[in-house]
Amino acid sequence: MSPQPDNKWLIAFAVMLPALLEVIDTSVANVALPNIQGSLNAGADEISWVLTSYLVSNAVVLPLTGWLARFFGRKRFLIGCVILFTFASFLCGAAPNLAALVFFRIVQGAAGGALIPMSQAILLESFPHEQQGLANAIFGVGVMFGPIIGPIMGGWLTDTLSWRWIFYINIPVGLVAVLMVNACVFDPPYLKRPRERIDYWGLLLLTVGIGALQIVLDKGQRDDWFSSPFIVLCTILSAGSLALLIVVERRQPHPIVDLRLFKDLSFSAGNLVMFMVGFGLYGALSIIPLHLQHLMGYTATQSGLVLAPGGVATLMAMPVAAFLMHKIDGRKLVLCGLGFGAYSMYLLHSYTLNVAFMDFIWPRVANGLGLAFIFVPLTTITLGNIAKEKMGDASGLFNLLRNIGGSVGIAAATTFLARYGQVYQNTLIDQATPYNTAYQQKISLLTQGFIASGIEAVTASKMALASVYALVGQQSGILAYDHVYWILGLAFVAVAPFLVLLKKPQQGKGPVTAH
């Protein structure tokens, strides 16, 4: 039987717990990596697989969500994923070595991949059509709460207890989530288990294609991209598998990934916009902490304090965006959000080494406001006209495109940062010659200062040269960061014209309501 309208708030709370579990676990392990590395005696390259293994298995499961929900039954599938996620969390905390931890993280990522799209699909169906914006705002608040609390909680648990507790903390939350989902969530009548044969070829090609792509994006910069035979092999595997996937799934009467959804121009445009938002958002979030700690001398805690106001701004603005959805064309709200995102990158791209702590707060607030005004209306418009029986497939693809956009953004940002840093450093070093008056004055001033402090002349001269070289490194670094922020800002601007392809959801054609 279907849930009654009065239960929609209980359903919202029930499905937000699994989503929150998954979102927190994508970021909670980052701050504990040095402790895990020391505890398990792992190398710097090896320890990164604790993060990569989770992301790869997570990405593979995302587009399968709709099919798996129909095959197992949505309620049964969601409960099974939460149970497996919780059990895998216990195994991660108890892992005796790195190999075991990576394997259990793969299991945890596979179980967690379906939690967000399933929670989102159930939440949308539980609210009447006119409250879709409110439902997406509630979902967005939960999703954004994870990145705020995840690093803080992970750091506190690691420092206070041990890194193993960042996984053990999932156990009580997972148990509560299982009880809540079991009591409040029901499979709608239209969601029937398919009797057709399993699309094994689609499953294989999807797993290889998405998995290899995620590995390329995660390890490309570290392995110097196509200079590495492993990256070349993964690229060929990914491109070939995904191309074959498109051919195979178009001929399948019951495909494991319903690519026919992209025939809807509005759905395709919405996914493109979300891809570019993921590109700009995650790209910026990946380099801002590096900027603060490597160039500005901030601690990890201070970096967290810089990032947190952006999440707070998003939390506060999402209910406003949901309210405005009833008053203003959602496409205009998305355009406003893209403007906020571009403006935040514009502010960051003009910074020097002398900016104060508060100067970093305002771009983060602008970025947080932009995300709120993008997420709520874009999700509502993109998924608003999808048939209810296809909501799981559509939500899985929508979240997959956001995640892949984020992976591409992180890979691009780190690559551009390294490349432009080298270019600017070479340019500045070319200017640091004995024939440059400014260079001569700087060396002379530094040398005299070291001599005045009691250092012998030859040593003072060497220290002056070292100081100038360090200054060149800092200046080339800030120029590289400024350039990358500019590129990320262009991503928000470049995708704006595609908003004209989005269609407003039509009354009665969106997800099934709670009536």
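To start, this report covers the structure provided alongside it.

1. What about the overall build of the protein chain?
Item 1. A count of helices and strands for the protein chain gives 20 helices and zero strands.
Item 2. Residue burial in the protein chain is summarised as follows: out of 515 residues, 52% are buried.
Item 3. Contacts in the protein chain between residues far apart in sequence, at least 24 positions, make up 83% of those at least 6 positions apart.
Item 4. Accessible surface for the protein chain amounts to roughly 22600 Å². Of this, 68% is attributable to carbon and sulfur atoms.

2. Description of the packing of aromatic side chains
Item 1. Evaluation of the coordinates by the stated rule reveals 11 aromatic pairs.
Item 2. Seen from their ring centres, F72 and F77 are 6.2 Å apart, and the 10° between their planes marks the pair as stacked.
Item 3. Taking relative accessible area as the criterion, F72 reaches 37% and is therefore assigned partly exposed.
Item 4. Where F90 meets Y168, the ring centres are 6.1 Å apart and the plane angle is 35°; that geometry is what we call tilted. Taken as a pair, F90 in helix α6 (residues 74-93) and Y168 in helix α10 (residues 165-168) lie far apart in primary sequence, 78 residues in all.
Item 5. Taken together, F90, W165 and Y168 form an aromatic cluster joined through their ring pairs.

3. Some points on the packing of helix α16 (residues 330-349) against helix α20 (residues 457-494)
Item 1. At a closest axis distance of 8 Å, the pairing of α16 and α20 adopts a crossing angle of 170°. Compared by their axis directions, α16 and α20 come out roughly antiparallel. The element α16 and its partner α20 pack so that their crossing is left-handed. Between α16, through L338, G341, A342, M345, Y346, L348 and H349, and α20, the contact on the second element is made entirely by D482, Y485, W486, L488, G489, F492 and V493.
Item 2. Of the residues that constitute the contact of α16 with α20, the class distribution is 10 nonpolar, three polar and one charged.

4. Notes on the packing of helix α12 (residues 200-219) against helix α18 (residues 391-431)
Item 1. Contact geometry of α12 with α18 gives a least axis separation of 9 Å together with a crossing angle of 30°. Relative to α18, α12 is oriented roughly parallel. Side by side, α12 and α18 meet where I210, L213, Q214 and L217 of the first sit next to L400, I404, S407, V408 and A411 of the second.
Item 2. Taken together, the residues of the contact of α12 with α18 sort by class into seven nonpolar, two polar and no charged.

5. Let's talk about the pattern of salt bridges
Item 1. Applying the stated rule across the entire model yields one salt bridge.
Item 2. The partner of R331 in a salt bridge is D329, with the nearest N and O atoms 2.8 Å apart.
Item 3. Among the residues examined, R331 registers a relative accessible area of 26% and is labelled partly exposed.
Item 4. Judged by its relative accessible area of 18%, D329 is buried.

6. Describing the environment of I116
Item 1. Inspection of the secondary structure assignment puts I116 in helix α8 (residues 115-126).
Item 2. Residue I116 is classed as buried on the basis of its relative accessible area, which comes to 5%.
Item 3. The spatial distance from the C-alpha of I116 to the C-alpha of P18 is 7.4 Å, given a sequence separation of 98 residues.
Item 4. Setting aside its immediate chain neighbours within four residues, I116 contacts A19, E22, V23, F139, N399 and R402.

7. Notes on the environment of L397
Item 1. Its location among the elements puts L397 in helix α18.
Item 2. Under the relative-accessibility criterion, L397 is labelled buried at 4%.
Item 3. Setting aside its immediate chain neighbours within four residues, L397 contacts P63, V257, D258, L261, F262, F267 and N271.

8. What about a nonpolar patch on the surface?
Item 1. A surface patch of nonpolar side chains, amounting to about 360 Å² of accessible area, comprises L265, F498, V500 and L501.
Item 2. Its place among the elements puts F498 in the segment after α20.

9. Some points on helix α11 (residues 170-184)
Item 1. Counted at 1.5 Å a residue, the expected span for α11 with its 15 residues is 21 Å, and the 21 Å between its end C-alpha atoms agrees.
Item 2. Within the span of α11, buried status applies to N170, G174, A177, V178, M180, V181 and C184.

10. Some details on the nonpolar core
Item 1. Membership of the largest hydrophobic core comes to 111 residues, with the highest contact counts inside it found for I287, L338, F360 and L378.
Item 2. The contact partners of I287, leaving out residues within four places of it in the chain, are A413, L417, Y481, V484, Y485 and L488.

Rules and cut-offs
- Residues numbered from 1 in each chain as written.
- Predicted model: local features only at pLDDT ≥ 70, side-chain atom pairs only at ≥ 80, totals over all residues.
- Heavy atoms only, no water.
- Helix = DSSP H or I, 4+ residues; strand = E, 2+ residues; numbered from the N terminus.
- Buried < 20%, exposed > 50% of the residue type's maximum accessible area, 1.4 Å probe, protein only.
- Contact = heavy atoms within 4.5 Å.
- Areas by Shrake-Rupley, 256 points an atom, 1.4 Å probe, with all protein chains shown as cover.
- Phe/Tyr/Trp six-rings, centres within 6.5 Å; stacked < 30°, edge-to-face > 60°.
- Axes fitted to C-alpha atoms, helices over the stretch in contact; angles between N-to-C directions.
- Parallel < 35°, antiparallel > 145°, perpendicular 65-115°, else oblique.
- Left-handed = near helix turned anticlockwise from the far one by under 90°.
- Nonpolar A, V, L, I, M, F, W, Y, C, P; charged D, E, K, R; others polar.
- Salt bridge = Lys/Arg side-chain N within 4 Å of Asp/Glu carboxyl O.
- Patch = residues over 30% accessible without salt bridge, like charges linked within 9 Å, V, L, I, M, F, W, Y side chains within 5 Å.
- Expected span 1.5 Å × (residues − 1).
- Core = buried A, V, L, I, M, F, W, Y, C linked by side-chain atoms within 4.5 Å.

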